[in-house]
Amino acid sequence: MDIRDLGLIGYKDAEALQLKTLAEVTAGERGNTVFVLEHPKVITLGRQGGAENLHADENFLKEQGIELARTARGGNITCHFPGQMVAYPIWRVEKRPGGMKRFFHDMEKAVIDTCAHFGVITRRRPGHPGVWVDDERKICSMGIGVRRWVTYHGLALNVARDVSLFNLITLCGIAGARPTSLSEEAGRDIAMEEVKRVFTRKFREAFADSAVAADQAPEY
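Cut-off values and rules
- In this convention, every chain numbers its residues from 1, walking through the sequence in written order.
- Under the rules for a predicted model, residues below a pLDDT of 70 receive no local features and side-chain atom pairs below 80 are neither given nor counted, while totals for whole chains, interfaces and linings still include all residues.
- The side-chain numbers reported here are obtained from all heavy atoms of the structure, hydrogens and water having been left aside.
- Each helix is a run of DSSP H or I of at least 4 residues and each strand a run of E of at least 2, with the numbering of both proceeding from the N terminus.
- Note on method: radius of gyration uses C-alpha positions; expected globular size equals 2.2 Å times residues raised to 0.38.
- Exposure is judged per residue with a 1.4 Å probe applied to protein chains only, and the accessible area is read against the type maximum: over 50% gives exposed, under 20% gives buried, and values in between give partly exposed.
- Any pair of residues with heavy atoms lying within 4.5 Å of one another is described as a contacting pair.
- Using a 1.4 Å probe, the Shrake-Rupley method yields the accessible areas, and only the shown protein chains count as cover for residues.
- Charge convention: Lys and Arg are scored as positive, Asp and Glu as negative, and His as well as the terminal groups of each chain are ignored.
- The location of each charge is read from NZ of Lys, CZ of Arg, CG of Asp or CD of Glu.
- Buried Ala, Val, Leu, Ile, Met, Phe, Trp, Tyr and Cys residues form a nonpolar core when they are joined through side-chain atoms within 4.5 Å.
- When a carboxyl oxygen of Asp or Glu is within 4 Å of a side-chain nitrogen of Lys or Arg, the pair counts as a salt bridge.
- At least two DSSP bridges between two strands are required for those strands to pair.
- Convention used here: a crossover is right-handed provided that the path from the first strand, over the helix, to the second strand proceeds clockwise when the strands point away from the viewer.

A. Region of interest: the overall build of the protein chain. A tally of regular secondary structure across the protein chain gives five helices and eleven strands. Taking 17 Å as the expected radius of gyration for a compact globule of 220 residues, we find that the protein chain reaches 16 Å, a close match to that expectation. A buried classification covers 52% of the 220 residues belonging to the protein chain. Within the protein chain, contacts between residues separated by at least 24 positions form 76% of all contacts whose residues are at least 6 apart in sequence. Summed over its atoms, the accessible surface of the protein chain is roughly 9900 Å², and 48% of this surface lies on carbon and sulfur atoms. Seen as two clouds, the 30 positive and the 29 negative side-chain charges of the protein chain have centres 3 Å apart.

Laid out in structure tokens, this is it:
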């Protein structure tokens, strides 16, 4: 797999790069690729909607320099900002044991193992893809799009303490959910570059084992 660090990149520029890479992977011109990056402040709406969970109007967002984007990923509303690590796997899944369920399971595992490296214990929450500290505190959101069995979009792991942008939304449309971050849970400021290095290793480890039978994929 090819894992590339894009640094800080605008949402639309990253989406255009995803779509270009998606076409290349689908055509067999390129192998599985993962982009790791940060976005300037942006609130995104998924295929399931999310506008009803936005607590500010578009004029206010523009005044604050916050972009609003409608996307092709699954899920509801979320947001991205500097201090949050985003990963976009452009990944062919049709020949991989376990299919989409296993794909989500392994993305979650990569994040859970990354958090554990920093002493933060996290888990899955049945029925709610992503990674949680408990049933209220969510540390990582996930939502993907799929075209011809190739994925795009991906996950967002909160790293820095400041997660105040989430105050403008109902997190993922889930009543009672509140954001937390790796630095907040660890009780110390954790550098983004260190998180990227650890995540890259944990992602490779999680996706290295392709021998799991489809009937062993977890249920959501």
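B. Highlighting the nonpolar core. One finds Met-85, Met-107, Val-111, Leu-155, Leu-157, Phe-199 and Phe-203 to be the most contacted residues of the largest nonpolar core, which totals 33 residues. Secondary-structure elements contributing two or more residues to this core are strand S2 (33-38), strand S6 (84-92), helix H3 (99-117), strand S9 (137-147), strand S10 (150-158) and helix H5 (192-208). In this view, Leu-157 contacts Gln-84, Met-85, Val-111, Thr-114, Cys-115, Ile-139, Cys-140 and Val-195; residues no more than four positions away in its chain are not counted. Counting residues in hydrophobic clusters, the runner-up holds 20 residues, among them Cys-79, Phe-81, Phe-166 and Ile-174.

C. Fine view of the side chain of Thr-78. Positionally, Thr-78 belongs in strand S5 (residues 77-80). Among the residues examined, Thr-78 registers a relative accessible area of 6% and is labelled buried.

D. Geometry of the environment of Ala-72. Considering the arrangement of structural elements, one finds Ala-72 in the loop between strand S4 (67-70) and S5. On the basis of relative accessible area, Ala-72 is assigned to the partly exposed category, the value being 28%. Distance from Ala-72 to His-128, taken between C-alpha atoms, is 18 Å for residues 56 residues apart in sequence. Contact partners of Ala-72, with chain neighbours within four places excluded, come to Arg-47, Ile-144, Gly-145, Tyr-152 and His-153.

E. Region of interest: the pattern of salt bridges. Throughout the structure, instances matching the rule amount to 17 salt bridges. With a closest N to O distance of 2.9 Å, Glu-108 and Arg-124 form a salt bridge. Taken as a pair, Glu-108 in helix H3 and Arg-124 in strand S7 (residues 123-125) lie far apart in primary sequence, 16 residues in all. Ionic pairing is found between Glu-185 and Arg-137, a salt bridge with its closest N-O pair at 2.9 Å. Taken as a pair, Glu-185 in helix H4 (residues 182-186) and Arg-137 in strand S9 lie far apart in primary sequence, 48 residues in all. Under the relative-accessibility criterion, Glu-185 is labelled partly exposed at 25%. One continuous salt-bridge network, built from bridges that share partners, spans Asp-2, Lys-20, Glu-24 and Arg-30.

F. Spatial organisation of the pairing of S2. The element S2 is extensively covered by neighbouring structure, given that six of its six residues are classed as buried. Going residue by residue along S2, you find Thr-33, Phe-35 and Leu-37 tucked away on one face and Val-34, Val-36 and Glu-38 tucked away on the opposite face as well. Here strand S1 (residues 2-8) pairs with S2 via six bridges, running parallel. Bridge pairing in S2 links Asp-2 to Thr-33. Taking the sense of rotation as the criterion, the β-α-β connection linking S1, helix H1 (residues 11-26) and S2 turns out right-handed. Of the pairings in the sheet, the one linking S2 to S6 comprises five bridges and is antiparallel in character. Pairing of Thr-33 across the sheet is with Ile-90, part of S6.

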